[in-house]
Amino acid sequence: MTNAVAADGTAPTLIASAQRALRLLEAVARYPKGATAKQLARDTDLALGTAYHLLRTLVHDHYLERRSGVYLTGPAVAGLIRYDGPATGRARLRALLGMLADELSAAVYFTWYRHGEVELVEAAEAPGAPLVDRACFRTGAHATAAGKTVLALMTADERRDHLARHPMVAFTPYTLRDPACLPLLPRQGPRRVVPITQFQEYAIDVAGAAVPIVAGNGIGAISVSLPMAQAHRLAGIAARLHTRLGDDFAAVAFGI
């Protein structure tokens, strides 16, 4: 590798571990069907132990994924691709939500935690499953499946700060009011957890379920809602949502 020279004629400071990680990313990108750690170590002239350490870090931060013993590029890599603008990212998100709403026959929501707030970014309804009133979505995070999921992924300090600004007020007689009863989720491996549900906590006659999304340092949720008359469908829909949720939503989170 040729060292560049800075404008003042001095050699720049290079971080060797960053260079090695980037070489691994480039190597993985050359294998559309994935490559083993041994293959990647050979391709990059890295010791196998060093390759494993870097691969684990890249997987943790979603730049890579490990499936069936091979490594592939992850959703954070897709997020590095420049969109034409935020409108393009929103259009892609709306299309994904619309397809998912049709597939599940349920209203679907994309929620993201940014600037210290739980924000409902986009939503799509389905026949027989209208969208809930979203006016109080930010302040009512403790009462929705998506909001509970995002709160569960927050650090303890983030959660305390959020609840100090948005107390757990009652929206219905069924609304959870005790912070100690809020669920907690690990940011590592969140897709393995059981979907979080709510029944009539945000609005009477509405049930919901949500699954977490973690993309780099970002956290969010994909959720569904149904009228209580269809609540018997919720467990099945939540299970399908859990398995259906792929890299598309994590990748699009970087572009909105």
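Described in the following lines is the structure provided in the data block. None of these values were measured; they are calculated from a predicted model. (Residues numbered from 1 in each chain as written. Predicted model: local features only at pLDDT ≥ 70, side-chain atom pairs only at ≥ 80, totals over all residues. Heavy atoms only, no water.)

**Focus: helix α7 (residues 156-165)**
Right, so step 1: Buried within α7 are the following residues: R159, H162 and L163. The arc that holds every buried residue of α7, seen down its axis, measures 90 degrees, which confines them to one face. Residues of α7 that are exposed and point over 90 degrees away from its buried face: D157, R160 and A164.
Right, so step 2: Check the buried side of α7 and you find it contacts β4 (117-124) and α6 (145-153). (Buried < 20%, exposed > 50% of the residue type's maximum accessible area, 1.4 Å probe, protein only. Helix = DSSP H or I, 4+ residues; strand = E, 2+ residues; numbered from the N terminus. Arc of directions from axis to C-beta. Contact = heavy atoms within 4.5 Å.)

**Some thoughts on the nonpolar core**
Right, so step 1: By size, the foremost hydrophobic cluster in this structure holds 29 residues, and its most contacted members are Y113, V118, V150, M154, L182, L185 and I219.
Right, so step 2: Counting residues per element, the ones that place at least two in this core are β3 (107-114), β4, α6, β6 (206-215) and β7 (218-227).
Right, so step 3: No other element matches the 6 residues that α6 contributes to this core.
Right, so step 4: Excluding its chain neighbours within four sequence positions, the residues that come into contact with M154 are Y113, V118, R159, H162, R187 and I219. (Core = buried A, V, L, I, M, F, W, Y, C linked by side-chain atoms within 4.5 Å.)

**Examining the environment of R114**
Right, so step 1: Within the secondary structure layout, R114 lies in strand β3.
Right, so step 2: In the structure, R114 is positioned 105 residues away from I219 in sequence and 8.4 Å away in space, judged by C-alpha atoms.
Right, so step 3: One polar contact links R114 to E119, side chain to side chain, over a distance of 2.9 Å. (Polar contact = N/O pair within 3.5 Å; in protein donor to acceptor, adjacent residues only side chain to side chain.)

**Focus: empty space enclosed by the protein**
Right, so step 1: A full pass over the atoms with the stated rule returns 1 cavity of 30 Å³ or more.
Right, so step 2: Within this model, the largest cavity holds a volume of roughly 110 Å³.
Right, so step 3: As for the largest cavity, its lining consists of 13 residues, and the residues nearest its centre are F137, T144, A145, Q198 and S225.
Right, so step 4: If you list the elements that add at least two residues to the lining of the largest cavity, you get α6, β6 and β7.
Right, so step 5: The element best represented in the lining of the largest cavity is β7, accounting for 3 residues.
Right, so step 6: Considered class by class, the residues forming the lining of the largest cavity number 8 nonpolar, 5 polar and no charged. (1 Å grid on protein atoms, 1.4 Å probe; cavity = no way out; pocket = protein on both sides within 12 Å on 5 of 7 lines; lining within 4 Å. Points joined across faces, edges and corners; volume = space filled by probe spheres on them. Nonpolar A, V, L, I, M, F, W, Y, C, P; charged D, E, K, R; others polar.)

**Focus on the pattern of salt bridges**
Right, so step 1: Evaluation of the coordinates by the stated rule reveals 9 salt bridges.
Right, so step 2: Here R114 makes a salt bridge to E119, at a shortest N to O gap of 2.9 Å.
Right, so step 3: Where E201 meets K148, a salt bridge forms, and the shortest distance between an N and an O atom there is 2.7 Å. Here E201 is found in the loop between β5 (196-199) and β6, whereas its partner K148 is found in helix α6, with 53 residues between them in sequence.
Right, so step 4: Connected through salt bridges with shared partners, the residues R114, E117, E119, R138, D161 and R165 form a single ionic network. (Salt bridge = Lys/Arg side-chain N within 4 Å of Asp/Glu carboxyl O.)

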